[in-house]
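Listed below are the residues making up each chain.
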Amino acid sequence: MIFELPKWYDLHVHFRQGDSMADYIQDHLNMGCCGALAMPNTKPPVSHVHGKNTEEYWTVESYLKDMESAGSKAFDDIIAPLYLTNATTKDMIIEGTKSGILRACKYYPPHGTTNSEHGAGLDTYINNGVFAAMSDAGIVLNIHGEEHGLSGEEYFGEQSNAEDSFYKNHMPQLVEKFPNLKIVCEHITTKTAVDFVKNSGNNIAATITPQHLLYTVADLLQGLKYHLYCLPLVKFEKDRTALLEAAKSGNVKFFAGTDSAPHTTKATACGCAAGCYTGGIAPQLYADAFNLNEDNFDEFKKFLCLNGPQFYGIPVSNKTFTLTKKPSQPSVASGAIPLHIGLGQKNLAWTLTL
Ligand code: DOR
Ligand code: ZN
C-alpha cells in the first residue's frame, strides 16, 4: 500500500534557538513538511514583534530571520507566533498586523509548562485590550489550554485535570466575550476539549499530536517511559478514543500539530523535561494511529495536509511525499531521541519517501 500526500504543515513545533535549530528544521523537511508554526517559548522568549533581540526578549522579526538562516527558506511558509506576556500591548498587535509580521499569538499558562514563566493569566489579555485587538485584526490565538496553579487531584485526578478544568471553566467565557476571535486549542488531550471544539463555531479549531492519538497515561507509567512525558500529559483511553474519532472524522476543525519538542537533557535526578521529539517521524506515527488504509485515506489527508492550511488561509502544497506500509528505521539529523526510540521500539510501521 503506497499513499501519496501533499507536503504538510506542522502547525505546532518547537525549533528552539541556537546551533541545533538547523538540524531540527532538517528533521522536519525530511518528513515531508512544507511549513510550520514555530512556537515562541525560547530563552529568552519571542515576546516582541519588531526590531532587534535584547537580553530579555527576542522579536518575531529576528526569529523569522534566524530560522531562515537555519534552513526554513526551504519551507513554503513559516509562522512565528508572539509569546503573550505582561509586556504585550494592543498597539503591538495593531502594528504587527499592519507590517504583516504578526499572524498569531501564543497563550502559555504561567509556570504550566516548559519556559512558560513569562505568561500571564487570561484575564490580563481580556482586560488590556490584547484579545480585542487580535479579534479585530484576525490574528490567531494559539492556546495552551491548561488551568495554571493547580496541584494534586485537581491537576491530574480521576474526575478532572488541568485541561478539563480549563475547557469547562475558562474557554466558554473567553469565546462568549470574543465570539470572532480565531482560536487554535493546541495539543488537546481530553474528551472535554474535543467536545468543546466540536460544539464551538468555525473560528475554533484544534491541533492533535501523534503521541496523544497513540498512547495513554498507562503507557507512560508502565516502565516510567519518560520520553512520553509531555504537557498536557497523555490521558485515559476514553480521551484517546475521542481524539482519534475527531481526527478520523474529517471535521475541518481538527488538524496535525506535533508539538515536537527537543530536550537535550530529558530526565534529571529530580524531575523530567516535558516534550516528545517527533521530528522525522510524525507522519509515520499519525499513519499508525489512523491505521491508514484505502477507506480512511481521505480523512487522513484532510487531518494531516488540508484542514490546517485551510484554517490559517495558506495554500496547500503542490509537492508530494509518500507513505508505504513497510517497516523503517529513520535516522534523525538532530541528536534528539525520537519518541519511538525513547519507547524502546526499533522500527516504525511506515516508511516515508520524499
Ligand atoms: O511537552 C511540552 N513541551 N509541552 C509544552 O507545552 C512545551 C513543550 C516544550 O517546549 O518543550
Ligand atoms: Zn508546544
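Going by the structure above, here's the rest.
Residues numbered from 1 in each chain as written. Chains lettered and ligands numbered in written order. Predicted model: local features only at pLDDT ≥ 70, side-chain atom pairs only at ≥ 80, totals over all residues. Heavy atoms only, no water.

*Asks:* It is not clear to me how the coordination of the zinc ion (ligand 2) should be interpreted in this structure. Could you clarify?
*Replies:* In ideal tetrahedral geometry, four donors around a metal make angles of 109.5 degrees, whereas ideal octahedral geometry with six donors gives angles of 90 or 180 degrees. Each protein donor to the zinc ion (ligand 2) is listed here as His 12 (NE2), His 14 (NE2) and Asp 259 (OD); together their distances run 2.0 to 2.1 Å. Residue His 12 is classed as buried on the basis of its relative accessible area, which comes to 1%. On the basis of relative accessibility, which here comes to 7%, the residue Asp 259 falls in the buried class. (Donors = N, O, S within 2.8 Å, 3.2 Å for Na, K, Ca; no water. Buried < 20%, exposed > 50% of the residue type's maximum accessible area, 1.4 Å probe, protein only.)

*Asks:* Is there a simple way to explain the sheet that holds strand S1 (residues 2–6) in this structure?
*Replies:* Within a sheet, neighbouring strands are paired by backbone hydrogen bonds and run either parallel or antiparallel to one another. Taking strand neighbours across the sheet as the criterion, the three strands line up as S1-S15-S16 in an open arrangement whose pairing is antiparallel. Looking at strand neighbours, the two that pair on one side only are S1 and strand S16 (351–353), the edges of this open sheet. The average undirected angle you get between the axes of adjacent strands in this sheet is 25°. In this sheet, S16 lies alongside strand S15 (residues 320–324) in antiparallel orientation, the contact comprising three bridges. (Pairing = 2+ DSSP bridges. Helix = DSSP H or I, 4+ residues; strand = E, 2+ residues; numbered from the N terminus. Axes fitted to C-alpha atoms, helices over the stretch in contact; angles between N-to-C directions.)

*Asks:* Just checking my understanding: could you explain the nonpolar core for this structure?
*Replies:* Within soluble globular proteins, side chains that are nonpolar tend to cluster in buried spots. Ranked by internal contacts, the top residues of the largest apolar core, which has 99 residues, are Phe 15, Phe 131, Leu 141, Ile 143, Met 171, Ile 183 and Ile 188. In terms of residue count, helix H13 (residues 282–290) provides more of this core than any other element does, six residues in total. Those residues in contact with Ile 183, other than ones at most four positions away along the chain, are Leu 141, Ile 143, Met 171, Leu 174, Val 175, Asn 203, Ile 204, Ala 205 and Phe 311. (Core = buried A, V, L, I, M, F, W, Y, C linked by side-chain atoms within 4.5 Å. Contact = heavy atoms within 4.5 Å.)

*Asks:* Could you clarify how one ought to interpret the site of ligand 1 in this entry?
*Replies:* Around ligand 1 sit 13 residues in total, of which Arg 16, Asn 41, Thr 113, Leu 231 and His 263 are the nearest. Measuring from an oxygen atom of ligand 1, one finds a side-chain N or O atom of His 263 at 2.8 Å. Out of a free accessible area of 290 Å², ligand 1 has 100% covered by protein chains. Considered class by class, the residues forming the shell around ligand 1 number four nonpolar, seven polar and two charged. (Near = heavy atom within 4 Å. Polar contact = N/O pair within 3.5 Å; in protein donor to acceptor, adjacent residues only side chain to side chain. Areas by Shrake-Rupley, 256 points an atom, 1.4 Å probe, with all protein chains shown as cover. Nonpolar A, V, L, I, M, F, W, Y, C, P; charged D, E, K, R; others polar.)

*Asks:* Please clarify how the side chain of His 212 should be interpreted in this entry.
*Replies:* Relative to the assigned elements, His 212 resides in helix H10 (residues 210–214). At 2.9 Å, the side chain of His 212 and the backbone oxygen of Pro 232 are in polar contact. Residues in contact with His 212, not counting those within four places in the same chain, are Ile 188, Thr 189, Cys 230, Pro 232, Leu 233, Val 234, Arg 240 and Leu 243.

*Asks:* Any chance you could explain unusual backbone geometry here in plain terms?
*Replies:* With glycine set apart, most residues show a phi of negative sign, and most peptide bonds adopt trans. Of note, the bond from Lys 43 into Pro 44 is cis; its omega dihedral lies within 30 degrees of zero at 0°. Among the secondary structure elements, Pro 44 is positioned in the loop between strand S3 (33–38) and strand S4 (46–48). Of the consecutive residues Leu 231 and Pro 232, the connecting peptide bond is found in the cis state with omega at -5°. Non-glycine residue Asn 115 carries a positive phi angle of around 50°.

*Asks:* Help me understand the sheet that holds strand S11 (residues 204–208), please; the structure alone is not making it clear to me.
*Replies:* Strand order in this open sheet of six strands is S7-S8-S9-S10-S11-S12, and the pairing throughout is parallel. Strands with a single pairing partner mark the edges of an open sheet, and in this sheet they are strand S7 (82–83) and strand S12 (254–256). Relative to strand S8 (residues 104–107), S7 is paired through two bridges, and the arrangement is parallel. If you follow Leu 82 over to S8, its bridge partner there is Cys 105.

*Asks:* Just to check I follow, could you spell out the pairing of S15 for this structure?
*Replies:* In the case of a regular strand, side chains alternate between the two sheet surfaces. Both S1 and S15 contribute to a ladder of five bridges, which runs antiparallel. Within the sheet, the bridge partner assigned to Phe 3 lies in S15 and is Leu 323.

*Asks:* Looking at this model, I keep getting lost on the packing of aromatic side chains. Mind explaining?
*Replies:* Between two aromatic rings, the relevant description is the distance of the centres plus the angle of the planes. The tally for this structure, following the rule as stated, stands at 20 aromatic pairs. Here Phe 15 and Phe 75 contribute two aromatic rings whose centre-to-centre distance is 6.4 Å and whose plane-to-plane angle is 15°, an arrangement assigned as stacked. Of this pair, Phe 15 sits in the loop between strand S2 (8–13) and helix H1 (21–30) while Phe 75 is found in the loop between helix H2 (60–69) and strand S6 (77–79), placing the two residues 60 residues apart along the sequence. Members of the aromatic cluster, joined through ring pairs, are Tyr 107, Tyr 125, Phe 131, Phe 166, Tyr 167, Phe 178 and Phe 196. (Phe/Tyr/Trp six-rings, centres within 6.5 Å; stacked < 30°, edge-to-face > 60°.)

*Asks:* Is there a simple way to think about H2 in this case?
*Replies:* One turn of an α-helix holds 3.6 residues; hence residues three or four places apart share an orientation. The complete set of buried residues in H2 reads Val 60, Ser 62, Tyr 63 and Met 67. In a view along the axis of H2, the buried residues occupy a sector of 165°, so they form one face of it. Set apart from the buried face of H2 by more than 90 degrees, the exposed residues are Lys 65 and Ser 69. Next to the buried residues of H2 lie H1, S3, S4, strand S5 (58–59), S6 and S7. (Arc of directions from axis to C-beta.)

*Asks:* How do you make sense of the pattern of salt bridges when you look at a structure like this?
*Replies:* A side chain of one charge can pair with a side chain of the opposite charge if their charged atoms are brought near each other. Tallying each qualifying case throughout the model produces six salt bridges. Between Asp 195 and Lys 191 there is a salt bridge whose closest N-O contact spans 2.8 Å. One end of the pair, Asp 195, and the other, Lys 191, are both in helix H9 (residues 191–198), four residues apart, so they sit about a helical turn from each other. The exposure class of Asp 195 is partly exposed, given its relative accessible area of 26%. Note that Asp 239 is salt-bridged to Lys 238, the shortest N-O span being 3.2 Å. Given the relative accessible area of 2%, Asp 239 is considered buried. When its relative accessible area of 52% is taken as the criterion, Lys 238 is described as exposed. (Salt bridge = Lys/Arg side-chain N within 4 Å of Asp/Glu carboxyl O.)

By themselves these figures say nothing about function.
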